[in-house]
Amino acid sequence: MMDKLKVGIIGATGMVGQRLITLLTNHPYFEISALIASPRSAGKPYEEAIKNRWKLSIDMPEKVKKLNILSSDNVKEVASLVDFVFCAVDMPKKDVIDLENTYAKAEVPVVSCNSAHRWTPDVPMVIPEINDEHLKVIESQRKRLGTEVGFVSVKPNCSIQSYVPALTPLLKFKPKRVVATTYQAISGAGKTFKEWPEMIDNVIPYIGGEEEKSEQEPLRIWGKISNGEIVKANAPLISTQCIRVPVSDGHTAAVFVDFEIKPSKEEILEAWRSFKGKPQELELPNAPKQFITYFEEDNRPQAALDRELYGGMGITLGRLRADTIFDYKFVGLSHNTLRGAAGGAVLIAELLYREGYIVKK
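Keep in mind it's a predicted model, so treat the numbers as computed, not measured.

Draft legend 1. Spatial organisation of the overall build of the protein chain. Broken down by element type, the protein chain carries 14 helices and 14 strands. Over its C-alpha trace the protein chain gives a radius of gyration of 20 Å, about what one expects of a compact globule, namely 21 Å for 361 residues. On the principal axes, the C-alpha backbone points of the protein chain span a range of 60 × 50 × 40 Å. Taken over 361 residues, the protein chain has a buried fraction of 59%. Residue pairs in contact within the protein chain that sit at least 24 positions apart in sequence constitute 77% of those at least 6 positions apart. Entry remark: accessible area of the protein chain is about 15,700 Å², with carbon and sulfur atoms responsible for 49%. For the protein chain, the centre of its 47 positive side-chain charges and the centre of its 46 negative side-chain charges are spaced 1 Å apart.

As structure tokens, this is what we get:
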């Protein structure tokens, strides 16, 4: 039995922090050794700090209920207790960058669920099945930070994971124009219906900052490392609309795409069926056995039926067909707080561990 790595969760009281706790309880590689939050929560047992704010349908794990919360300001104490941390905080961008850099410089690797570092040139923003090679930029980041083991890595926006995995196996056909409309669950805003009753029987056609992220972040995912930095791809041209819908979990995307080299429908389906990445090769604990699953039924994928596939880590697609303006259109679905947020971060950490970037002290 392996000696597990000790992990801290910064932002442990929020929805993503809660998801991280449930995913890391009884994890084969990692064990929770520190729950970290704002100074106002510090010193309280986790159960007391949460009170009535536990947002998940599954129960709070017994192992964390009595664990006292540490202040995020107390970097030295946290660093003495952990091998690495997850960071999922609700703070201004500059404050997040400062916080994550401070932990990295204290020789604590950071796996971030925040957006602040997504465009830092030497910080890898990773979907593990797609661009695991971007982890190599950590060497350059460590030189900049002056660290031996500390660094920051980050996961991308949850919305793009409903269509970027579908487009990636098709890059050999050179997609040139993509239009995607995402229909995003309320948990993406850290909310439940109890907290956000105005979302019931409602659609809100705007999510602040989401469309820019959804149009630009795929290009960084598909970019290349050059001179110690990640340089984003220059194609395809992507246009998005991001809409909040009354769904608890699961982001759905309606996608339209044109190609320079138009594939057949059978070629697309085969590319999706056969696509796998490093997590599947390494059989990482949270890796879905099948990264992309295609449904033949006209009424799939559905959030209520399909978001939990492979523990919420699988990507589901359907309704691939010819379009009257674009070459093809299809529908994608991903679980936004599992694959898109906490689960995606845990999968990144598993990959970082297996690739030797995170080590036990």
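From this point, things continue past the structure.
Draft legend 2. Up close: the packing of aromatic side chains. Counted by the stated rule, this structure contains 11 aromatic pairs. Geometrically, the ring pair formed by Phe84 and Phe86 is edge-to-face, given 5.3 Å between the ring centres and 65° between the ring planes. Accessibility classification places Phe84 together with Phe86 in one group, the buried group. Judged by centre distance (6.5 Å) and plane angle (65°), the ring pair of Phe259 and Tyr328 falls under edge-to-face. Here the residue Phe259 occupies a position in strand S11 (residues 251-259), and Tyr328 occupies one in strand S14 (residues 328-334), the gap between them amounting to 69 residues. Across this residue pair, the class does not change: Phe259 and Tyr328 are buried. Through pairs of rings, three or more aromatic residues link up here, namely Tyr29, Phe30, Phe84, Phe86 and Tyr353. Between the NZ or CZ atom of Arg300 and the centre of the ring of Phe295, over which it lies, the distance is 4.3 Å.

Draft legend 3. A positive patch on the surface, seen in detail. A cluster of basic residues, Arg40, Lys44, Lys51 and Arg53, forms a positive patch on the protein surface. Here Lys51 shows up in the loop between helix H2 (46-50) and helix H3 (62-65).

Draft legend 4. Looking closely at the sheet that holds strand S4 (residues 84-87). Pairing in this open sheet of 6 strands is parallel, and the strands run S3-S2-S1-S4-S5-S6 from one edge to the other. Every other strand in the sheet has two partners, leaving strand S3 (69-71) and strand S6 (152-154) as the edge strands with one partner each. The mean angle between the axes of side-by-side strands here comes to 30°, regardless of whether they run parallel or antiparallel. On the sheet, helix H5 (residues 93-105) packs against strand S1 (5-10), strand S2 (30-37), S3, S4, strand S5 (110-112) and S6 and is oriented at approximately 155° with respect to S5.

Draft legend 5. Spatial organisation of the nonpolar core. In terms of nonpolar packing, the biggest core is built from 56 residues, with Tyr103, Trp222, Trp272 and Phe330 touching the most fellow members. In contact with Tyr103, other than residues within four places in its own chain, are Ile10, Ile36, Ser71, Ser72, Asn74, Val75, Val78, Val108 and Val110. Residues Tyr29, Cys113, Phe151 and Ile348 belong to the second largest nonpolar core, which totals 45 residues.

Analysis parameters
- Each chain has its residues counted from 1, running along the sequence as written.
- Given that the model is predicted, a residue must reach a pLDDT of at least 70 before its local features are reported, and side-chain atom pairs must reach 80 or more before they are shown or counted; all residues, however, enter totals for whole chains, interfaces and linings.
- Hydrogens and waters are ignored; side-chain quantities use all the structure's heavy atoms.
- Going along the chain from the N terminus, every DSSP run of H or I of four or more residues is numbered as a helix, and every run of E of two or more is numbered as a strand.
- Computation of the radius of gyration draws on C-alpha atoms alone. For the globule rule, the value is 2.2 Å times the number of residues to the power 0.38.
- Residue burial is assigned from relative accessible area. The probe radius is 1.4 Å, only protein chains are included, and a residue is buried under 20% of its type maximum, exposed over 50%, and partly exposed in between.
- Contact definition: two residues touch when any of their heavy atoms are within 4.5 Å.
- In this description, accessible areas are obtained by the Shrake-Rupley approach with a 1.4 Å probe, and a residue is regarded as covered only by the protein chains that are shown.
- Neither His nor the chain ends contribute to the count of charged residues, in which Lys and Arg are positive and Asp and Glu negative.
- Taken as the charge centre is NZ of Lys, CZ of Arg, CG of Asp or CD of Glu, depending on the residue.
- Stacked, tilted and edge-to-face pairs are distinguished by plane angle, under 30 degrees for stacked and over 60 for edge-to-face with tilted covering the rest, among Phe, Tyr and Trp rings (Trp via its six-membered ring) whose centres lie within 6.5 Å.
- The criterion for a charge sitting over a ring is simple: Lys NZ or Arg CZ within 6 Å of the ring centre, and within 35 degrees of the ring normal.
- Grouping into patches uses exposed residues only, defined as over 30% relative accessible area, and leaves out salt-bridged ones; the cut-off is 9 Å for like charges and 5 Å for nonpolar side chains (Val, Leu, Ile, Met, Phe, Trp, Tyr).
- For this document, the term salt bridge refers to a Lys or Arg side-chain nitrogen within 4 Å of an Asp or Glu carboxyl oxygen.
- By this definition, two strands are paired if DSSP reports at least two bridges between them.
- Whenever a helix is involved, its axis is fitted only over the stretch in contact; in every case the axis is a line through C-alpha atoms, and angles between N-to-C directions fall within 0 to 180 degrees.
- What is meant by a nonpolar core is a set of buried Ala, Val, Leu, Ile, Met, Phe, Trp, Tyr and Cys residues, joined one to another through side-chain atoms within 4.5 Å.

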